[in-house]
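Chain by chain, the residues run as shown.
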Amino acid sequence: MSNQLIADFLYICAGVAMTLKLLLGSILVGLSLGVLFAIARYRNICRGVIKGIVSVIRGTPSILQLSIVYFVIPQVYSCKLDVITTGIIAFGINSSAYVSEILRAGIESLPKGQFEAAYSLGIPPFYMWKDIILPQVAANVFPAIVNETVTLLKETALVATIGGADIMRRSQIIAASRYEYLTPLCVAGLVYYLLVLVLEFAGREIEKRQRPYAKNP
Amino acid sequence: MLRIRNVSKSFSGTKVLDDISLDIEKSSIVGLAGPSGSGKSTMLRCLQKIESPDSGAIDYDCNVGFMFQDFQLFPHMTVLQNLVYAPALKARDSKGKYTTKAMAMLKDLGIESKASEYPCTLSGGQKQRVALARSLMTDPDTLLCDEPTSGLDVATITDVITLLRGVNQLGVTIIVASHDLDFLTAISDRIILLRDGKIVTEISPQQHDDPVGYLSTYYN
């Protein structure tokens with residue numbers, strides 16, 4: 001009996017791998033697109049289009065976006081997407097909308113003089129963003145990005161709806177096979193909670209180590 | 001020579017610069033005086049091409065450096081990085097050559113010991129020196145200074161005068177905007193007074209009995 005319990009527990013925990021793959025992939029996609037969206041919006045490039053995309057992404061349920069990527073894209077382009085790729089595309093694009101809004105606020109909160117100083121010193125735009133603006137923005141919005149990562153981690157549980165064997169799906173499988181819901185669902189909850197605690201701890205530690213400089217330039 | 005011809009600039013319907021024409025001789029120190037909102041800063045920003053004039057022309061073929069009112073040092077870089085970053089990037093060169101130059105400059109300014117500090121740890125006067133050093137790193141022929149004395153105490157203002165004079169003696173043209181008439185009188189060869197975006201008067205403080213008193217009459 002107890003061996004059975006341990007086996008079930010390990011089976012659920014094995015879902016951590018998929019959850020973390022989804023999280024990592026989505027963060028990378030989300031940050032990359034989010035940075036591009038935020039900079040483009042600040043520089044008035046395709047501003048209307050990006051605003052529209054962000055608005056639609058934020059205004060529709062994630063589960064719907066996931067379903068569109070999983071069911072509609074393969075139908076239209078006659079291709080097959082596996083669960084992890086689907087999840088990374090859907091959650092990554094979803095996250096990019098939120099990340100771009102966080103970054104936009106961060107960029108707008110920097111003194112305009114920082115841009116002007118970079119311009120006056122003849123720093124080309126690419127280097128201005130890479131070395132002057134984004135490092136400052138990153139430090140300022142870091143807590144908000146950690147928060148977005150935590151949200152994203154929990155959101156990945158939606159891949160259970162398209163059959164991804166993550167923590168959530170595995171706990172459902174155990175629950176259904178044993179006709180017993182309390183324990184497997186609690187185990188899943190505990191694993192998610194522990195992952196969130198680890199993320200928050202890492203976030204706090206990184207925050208402590210960064211920016212030896214204070215705010216006023 | 002820096003030539004400004006019929007320059008006008010408006011912000012949302014308000015004329016900030018109104019048909020300004022001005023010649024500035026090489027290696028001179030020109031002060032821009034005038035009440036708040038008279039167009040001093042906008043004039044400097046047009047010269048530096050941070051703003052573009054609505055009409056008129058600004059002609060010069062020199063390398064221009066800019067010192068901001070609130071310094072605008074990069075807070076995430078050390079003092080040395082603030083100095084070295086832009087010139088090394090421009091020259092696509094390793095930072096070594098510029099590090100030597102920056103350290104020499106910091107030594108001249110008496111803040112050599114601050115090279116590896118972050119700007120937030122510096123006093124106002126020290127930040128001013130770093131800002132000056134940073135704008136001089138690219139060897140400008142013309143230096144534009146926006147309110148270089150704001151927020152500084154009397155002793156530091158005297159230092160700023162000495163520093164800018166020293167820079168001027170190397171042949172650098174200096175255009176300085178300030179509301180501080182004593183400072184402008186002490187440093188400038190020529191003071192141009194702006195009001196409502198127009199040049200209303202111009203004096204050479206050395207050839208005037210009471211330049212501060214005379215200029216003050218335009219502030220009311």
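In this text, all values refer to a predicted model and were calculated from it rather than measured experimentally.

1. Regarding the overall build of chain B
Item 1. On a plain count of helices and strands, chain B comes out with seven helices and nine strands.
Item 2. Radius of gyration (C-alpha) of chain B: 18 Å, near the 17 Å computed for a compact globule of 220 residues.
Item 3. With the principal axes as the frame, chain B shows a C-alpha extent of 50 × 35 × 30 Å.
Item 4. Buried positions account for 54% of the 220 residues belonging to chain B.
Item 5. Within chain B, residue pairs in contact and separated by at least 24 positions form 65% of the contacts whose partners lie at least 6 positions apart.
Item 6. Carbon together with sulfur atoms contributes 47% to the accessible area of chain B, which is approximately 9500 Å² in total.

2. A look at the pattern of salt bridges
Item 1. Going through the model one piece at a time under the given rule, you end up with 18 salt bridges over all chains.
Item 2. The salt bridge partner of Glu205(A) is Lys208(A), with a shortest N-O separation of 3.1 Å. Placement of the pair is Glu205(A) and Lys208(A) together in helix 9 (residues 182–209), with a separation of three residues, close to one helical turn.
Item 3. On the accessibility criterion, Lys208(A) (64% relative accessible area) is exposed.
Item 4. In this structure, the salt-bridge partner of Arg45(B) is Glu51(B), at a minimum N-O distance of 3.1 Å.

3. Some details on the interface of chain B and chain A
Item 1. Tallying the contact residues gives 22 residues for chain B and 22 residues for chain A.
Item 2. Buried area between chain B and chain A, summed over both chains or domains, comes out near 2100 Å², and the portion from carbon and sulfur atoms is 64%.
Item 3. Contact with chain A buries surface across chain B, with Phe74(B), Pro75(B) and His76(B) losing the most and accounting together for 26% of the total.
Item 4. Between the two partners, chain B and chain A, sit one salt bridge.
Item 5. Across the salt bridge formed by Glu116(A) and Arg45(B), the nearest N and O atoms sit 2.6 Å from each other.
Item 6. At the junction of chain B and chain A, the tally comes to seven residue pairs in polar contact (both at pLDDT 80 or more).
Item 7. Residue assignment for the side of chain B that touches chain A shows that the elements contributing at least two residues are strand 5 (64–67), helix 2 (79–90) and helix 4 (124–136) of chain B.

4. Describing the sheet that holds strand 1 (residues 2–11) of chain B
Residues and elements named next belong to chain B.
Item 1. If you trace the three strands from one edge of the open sheet to the other, you get 2-1-4, paired in antiparallel fashion. Only two strands of the sheet have a single neighbouring strand rather than two, namely strand 2 (14–24) and strand 4 (55–59). When strand polarity is set aside, the average angle formed by the axes of neighbouring strands in this sheet is 20 degrees.
Item 2. Here strand 1 runs beside strand 4; their pairing, made up of four bridges, is antiparallel. By the bridge assignment, Arg5 is partnered in strand 4 with Ala57.
Item 3. The strands touched by helix 1 (residues 40–47) are strand 1, strand 2 and strand 4; relative to strand 2, the strand with the most contacts, the crossing angle is about 60 degrees.

5. Observations regarding the nonpolar core
Item 1. Ranked by internal contacts, the top residues of the largest apolar core, which has 47 residues, are Ile123(A), Ile133(A), Ile4(B), Leu44(B), Leu47(B), Phe74(B) and Ile175(B).
Item 2. When near neighbours in sequence (up to four residues on either side) are disregarded, Phe74(B) contacts Gln114(A), Ala117(A), Ala118(A), Leu121(A), Ile123(A), Ile132(A), Asn82(B), Pro119(B) and Arg134(B).

6. A word on the packing of helix 2 (residues 15–42) of chain A against helix 9 of chain A
All names here are of chain A.
Item 1. At a closest axis distance of 12 Å, the pairing of helix 2 and helix 9 adopts a crossing angle of 45 degrees. Between helix 2 and helix 9, the crossing angle belongs to the class labelled oblique. Judged by the sense of rotation from one axis to the other, the crossing of helix 2 with helix 9 is right-handed. Counting all contacts with helix 2, which are made through Val16, Thr19, Leu20 and Leu23, the residues of helix 9 involved are Val191, Tyr192, Leu195 and Leu199.
Item 2. Within the contact of helix 2 with helix 9, the residues separate by chemical class into seven nonpolar, one polar and no charged.

Conventions and cut-offs
- Residues numbered from 1 in each chain as written.
- Chains lettered and ligands numbered in written order.
- Predicted model: local features only at pLDDT ≥ 70, side-chain atom pairs only at ≥ 80, totals over all residues.
- Heavy atoms only, no water.
- Helix = DSSP H or I, 4+ residues; strand = E, 2+ residues; numbered from the N terminus.
- Rg over C-alpha atoms; globule rule 2.2 N^0.38 Å.
- Buried < 20%, exposed > 50% of the residue type's maximum accessible area, 1.4 Å probe, protein only.
- Contact = heavy atoms within 4.5 Å.
- Areas by Shrake-Rupley, 256 points an atom, 1.4 Å probe, with all protein chains shown as cover.
- Salt bridge = Lys/Arg side-chain N within 4 Å of Asp/Glu carboxyl O.
- Buried area = accessible area lost by both parts, 1.4 Å probe.
- Polar contact = N/O pair within 3.5 Å; in protein donor to acceptor, adjacent residues only side chain to side chain.
- Pairing = 2+ DSSP bridges.
- Axes fitted to C-alpha atoms, helices over the stretch in contact; angles between N-to-C directions.
- Core = buried A, V, L, I, M, F, W, Y, C linked by side-chain atoms within 4.5 Å.
- Parallel < 35°, antiparallel > 145°, perpendicular 65-115°, else oblique.
- Left-handed = near helix turned anticlockwise from the far one by under 90°.
- Nonpolar A, V, L, I, M, F, W, Y, C, P; charged D, E, K, R; others polar.

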